[in-house]
Every structure is written in structure tokens, then in C-alpha cells.
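# Summary of the model geometry
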Amino acid sequence: MESGDESISTVPYEEKLHFLGFLEKLALLCNSGLISKEIVAYVYGYYAVRCADSSHFWTPELDKQSEY
């Protein structure tokens, strides 16, 4: 995701789902007050933004607009 390389589109669906699950766990930790927003943003924010902006990460079966 960092370089915008198209090869990210070949990463298996399950691995992408695990990555998104990890980001969701961070959001839960942050929203529950167990970890500060500043720390989450500093350590992981860059990767979350790169993921959200990556056109090669998202596929039809992994819909970016899904409520999940």
C-alpha cells in the first residue's frame, strides 16, 4: 500500500480481512479509552489512511462502502 503497487490486489482476501480486523480492534481499544487516540493515530494512522486510499486493496468482495 505504501508504494501504490498493484501487487496488493493479489493479496488473499483472508489476509486483507485480518488487516482490517486489526484496525477495527484498534478502533475499539481507542473508543473504549484503553489506548489514546494520539497513540493510535501516531503508530497506525498512516497505514489506515494508505489502506483507505488504495484502489488496489479494495475488491468487489471486499467492499469499502460496506457497513462492516
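Structure shown above.
Our subject in this report is the structure included herewith. The numbers attached to residues start from 1 for each chain and follow its sequence in the written order. In view of the model being predicted, local features appear only for residues whose pLDDT reaches at least 70, and side-chain atom pairs are presented and counted only at 80 or more, with totals across whole chains, interfaces and linings using the full set of residues. Only hydrogens and water are removed before side-chain values are computed, so all heavy atoms of the structure are retained for them.

## Re the packing of aromatic side chains
Note on aromatic contacts: the rings of Phe and Tyr and the six-membered ring of Trp form a pair at centre separations within 6.5 Å, being stacked when their planes are under 30 degrees apart, edge-to-face when over 60 apart, and tilted otherwise. A full pass over the atoms with the stated rule returns four aromatic pairs. Between Phe19 and Phe57, the aromatic rings sit 6.2 Å apart at their centres with planes inclined by 65°, giving edge-to-face as the arrangement. Of this pair, Phe19 sits in helix H1 (residues 13–31) while Phe57 sits in the segment after helix H2 (37–53), placing them 38 residues apart in sequence. Measuring from ring centre to ring centre gives 5.3 Å for Tyr46 and Tyr47, while their planes differ by 85°; the resulting arrangement is edge-to-face. Partly exposed residues are those whose accessible area sits between 20% and 50% of the maximum for their type, while under 20% is buried and over 50% is exposed, using a 1.4 Å probe and protein chains only. Its relative accessible area of 42% is what places Tyr46 among the partly exposed residues. Each helix is a run of H or I in the DSSP string that is no shorter than four residues. Each strand is a run of E no shorter than two, and both are numbered from the N terminus.

## A closer look at H1
The first and last C-alpha atoms of H1 sit 27 Å apart over 19 residues, in line with the 27 Å expected at 1.5 Å per residue. Any two residues whose heavy atoms approach within 4.5 Å at even a single point are treated as in contact. Buried-residue contacts for H1 involve H2. Trailing H1 by a residue or two, Gly33 shows a phi angle of about 85°, which is positive. In a helix, the anticipated span is given by 1.5 Å times the number of residues less one.

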